[in-house]
Amino acid sequence: MSMWKKLKYALTNHCETRENHEDAELRSHYYKAAHRAVIDAVKELLASLPDAELLSVSEERGELCAQTRRGPKLFIVATVISVRPFETAVDFSVTTEAKFLPFDFGRSRAVILELYRKLDGRLPYIGSGLNS
């Protein structure tokens, strides 16, 4: 990753993924699994985070929200979208709550990459973004 991109992610407190993100690591991940199975896996993943509280789960809309209570507070929104039968996309949005500074030195991006890494281990990963 270039120095400018590193600086860009370091000087913000929010990061999110999408289908055609300029950063290949932050593109939507696709899994070969039914919508329900992906919702359950994401729910377990968010609940397993240290000091995390699952705030809401809307299976109809495919949105799950979680928040950590201690340390650097994180607000995480996961969006699960069924593309085809047994092909489901997952996107994350992470915002950090800083007490003194309006940026998180890339922590929100690192959290997304870690969530994807763990989810890739739980579900059959097909591809990401425009490559799937």
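To keep things clear, this report deals only with the structure shown in the data block. (Residues numbered from 1 in each chain as written. Predicted model: local features only at pLDDT ≥ 70, side-chain atom pairs only at ≥ 80, totals over all residues. Heavy atoms only, no water.)

1. As for the overall build of the protein chain
No. 1: Along its length, the protein chain carries three helices and seven strands.
No. 2: In the protein chain, the succession of α and β elements from N to C terminus is α-β-β-α-β-β-β-β-α-β.
No. 3: Of all 132 residues assigned to the protein chain, the portion counted as buried reaches 41%.
No. 4: In the protein chain, the proportion of contacts linking residues at least 24 apart, taken out of those at least 6 apart, comes to 57%. (Helix = DSSP H or I, 4+ residues; strand = E, 2+ residues; numbered from the N terminus. Buried < 20%, exposed > 50% of the residue type's maximum accessible area, 1.4 Å probe, protein only. Contact = heavy atoms within 4.5 Å.)

2. Some words on the side chain of His 29
No. 1: As for its position among the elements, His 29 is in strand S2 (residues 29-31).
No. 2: Within the structure, the side chain of His 29 is placed 3.5 Å from the side chain of Tyr 31, a separation counted as a polar contact.
No. 3: In this structure, His 29 is in contact with Thr 88, Ala 89, Val 90, Tyr 116, Asp 120, Tyr 125, Gly 127 and Ser 128, ignoring residues within four places of it in sequence. (Polar contact = N/O pair within 3.5 Å; in protein donor to acceptor, adjacent residues only side chain to side chain.)

3. Observations regarding the pattern of salt bridges
No. 1: What the rule picks out here adds up to 10 salt bridges.
No. 2: As a salt-bridge pair, Asp 40 and Arg 36 come within 3.6 Å of each other at their nearest N and O atoms. Of the two residues, Asp 40 and Arg 36 are both situated in helix H2 (residues 35-47); the distance of four residues between them amounts to about one turn of the helix.
No. 3: Note that Arg 69 and Glu 53 form a salt bridge whose closest N and O atoms lie 3.7 Å from each other. (Salt bridge = Lys/Arg side-chain N within 4 Å of Asp/Glu carboxyl O.)

4. Some points on the nonpolar core
No. 1: Val 42, Leu 46, Ile 76, Val 90, Phe 92, Leu 115 and Leu 119 are the most contacted members of the largest nonpolar core, which totals 27 residues.
No. 2: Counting residues per element, the ones that place at least two in this core are H2, strand S4 (63-68), strand S5 (73-84), strand S6 (87-97) and helix H3 (107-122).
No. 3: Among the elements that line this core, the one with the most residues is H2, at six residues.
No. 4: If near-sequence neighbours (up to four positions away) are discounted, Val 42 is found in contact with Leu 64, Ala 78, Val 80, Val 90 and Leu 119. (Core = buried A, V, L, I, M, F, W, Y, C linked by side-chain atoms within 4.5 Å.)

5. Comments concerning the packing of aromatic side chains
No. 1: Tallied over the entire structure, the rule returns two aromatic pairs.
No. 2: Ring centres of Phe 92 and Tyr 116 lie 5.2 Å apart, and the angle between their planes is 70°; on these two criteria the pair is classed as edge-to-face. Of the two residues, Phe 92 sits in strand S6 while Tyr 116 sits in helix H3, which places them 24 residues apart along the sequence. In this pair, the class of Phe 92 matches that of Tyr 116, namely buried. (Phe/Tyr/Trp six-rings, centres within 6.5 Å; stacked < 30°, edge-to-face > 60°.)

6. A closer look at the packing of H2 against H3
No. 1: Between H2 and H3, the least distance of the axes is 10 Å, while the angle of their chain directions is 130°. Accordingly, the angle class assigned to the pair H2 and H3 is oblique. The two elements H2 and H3 cross, and the hand of that crossing is right-handed. Residue-level inspection shows Ala 41, Val 42, Glu 44, Leu 45 and Leu 46 of H2 in contact with H3, the latter providing Leu 115, Lys 118, Leu 119 and Arg 122.
No. 2: The residue inventory of the contact of H2 with H3, partitioned by class, reads six nonpolar, no polar and three charged. (Axes fitted to C-alpha atoms, helices over the stretch in contact; angles between N-to-C directions. Parallel < 35°, antiparallel > 145°, perpendicular 65-115°, else oblique. Left-handed = near helix turned anticlockwise from the far one by under 90°. Nonpolar A, V, L, I, M, F, W, Y, C, P; charged D, E, K, R; others polar.)

7. Considerations on the environment of Leu 26
No. 1: Of note, Leu 26 is situated in the loop between strand S1 (14-16) and S2.
No. 2: C-alpha of Leu 26 to C-alpha of Gly 129: the two residues are 103 residues apart in sequence and 8.4 Å apart in space.

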